[in-house]
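Structure at a glance
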Amino acid sequence: KLIIETINKIDPTLHLVFRPHPTTNILELKKIIKSTKLKRYTVSMLHTTILIDRCIFVVKYGLSSLDSIIIHQNKHLIRYQNKKLAQMFNEQIHAEAELKKKYFFYDVYNEKDLFLMAKNTYEKIIKCVDKKNNSNIANEKANVSKVLKFINQS
């Protein structure tokens, strides 16, 4: 619920996709989602690699075997975990320190850091997407202009 509400504060227009674990009680998940102000969401059982490929970033609770897939697909990964969970995985978290320097991979342990990291990540990615879209528009205009010039010369 905390992760949902945090992302919703950053941009309520974002469409969140939930890929539950096979053991997750879907009715309980939907109750949690409905208890938030989230309006745009999908609960999907599509293969995780497809969902990761199409997302702009991943925010999840804890550590899992999916982390390496997310990192391999060059997606930003924010792992939120409370202090108790972090203590349980302390050795793994420290062993991954070098990966965090090399990839877009962050661990956060409190609500404030979760909000700041998710907000900064979202803003960074949106700027890149906007820049790419603006570049594509500029290229498209230049290409259309070249085509029109060629047609007018004929």
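What counts, and where the lines are drawn
Residues numbered from 1 in each chain as written. Predicted model: local features only at pLDDT ≥ 70, side-chain atom pairs only at ≥ 80, totals over all residues. Heavy atoms only, no water. Core = buried A, V, L, I, M, F, W, Y, C linked by side-chain atoms within 4.5 Å. Buried < 20%, exposed > 50% of the residue type's maximum accessible area, 1.4 Å probe, protein only. Contact = heavy atoms within 4.5 Å. Helix = DSSP H or I, 4+ residues; strand = E, 2+ residues; numbered from the N terminus. 1 Å grid on protein atoms, 1.4 Å probe; cavity = no way out; pocket = protein on both sides within 12 Å on 5 of 7 lines; lining within 4 Å. Points joined across faces, edges and corners; volume = space filled by probe spheres on them. Nonpolar A, V, L, I, M, F, W, Y, C, P; charged D, E, K, R; others polar. Pairing = 2+ DSSP bridges. Right-handed = clockwise from strand over helix to strand, strands pointing away. Polar contact = N/O pair within 3.5 Å; in protein donor to acceptor, adjacent residues only side chain to side chain.

As a rule of thumb, soluble globular proteins bury nonpolar side chains together. Core analysis: the largest hydrophobic core is formed by 20 residues, its most contacted members being Phe 18, Val 59, Ile 78 and Leu 114. In contact with Phe 18, not counting residues within four places along its chain, are Ile 4, Leu 29, Ile 33, Leu 38, Tyr 41, Thr 42, Val 43 and Ser 44. Ile 52, Ile 70, Ile 71 and Phe 105 belong to the second largest nonpolar core, which has 7 residues in total.

Let's shift gears to the environment of Lys 75. Within the element layout of this structure, Lys 75 appears in the loop between helix H4 (66-72) and strand E4 (76-80). For Lys 75 and Cys 55, which are 20 residues apart along the polypeptide, the C-alpha to C-alpha distance reads 7.9 Å. The contact partners of Lys 75, leaving out residues within four places of it in the chain, are Ile 52, Asp 53, Cys 55, Ile 70 and Phe 104.

What follows is about the layout of surface pockets. Within this model, the largest pocket holds a volume of roughly 1,300 Å³. Lining the largest pocket are 37 residues; nearest its centre among them are Val 17, Phe 18, Arg 19, Val 59 and Lys 60. When residues of the lining of the largest pocket are assigned to their parent elements, the largest contribution, 5 residues, is made by strand E3 (residues 57-61). In the lining of the largest pocket, the residues fall into 25 nonpolar, 7 polar and 5 charged.

The next thing to look at is the pairing of E4. Of all 5 residues in E4, 5 are buried, a share of seventy percent or more. Burial along E4 is two-sided: the residues His 76, Ile 78 and Tyr 80 and Leu 77 and Arg 79 are all buried. Bridge count for E3 against E4 is 5 bridges, and the pairing is parallel. The residue bridging Tyr 61 from the neighbouring strand is Tyr 80, located in E4. In terms of handedness, the path from E3 via H4 over to E4 forms a crossover that is right-handed.

Looking at the secondary structure, you find Thr 6 in helix H1 (residues 2-10). A residue is classified by how much of its surface remains accessible, and Thr 6, at 4% relative accessible area, is buried. In this structure the side chain of Thr 6 is engaged in a polar contact, spanning 2.7 Å, whose partner is the backbone oxygen of Leu 2. In contact with Thr 6, not counting residues within four places along its chain, are Leu 114 and Phe 115.

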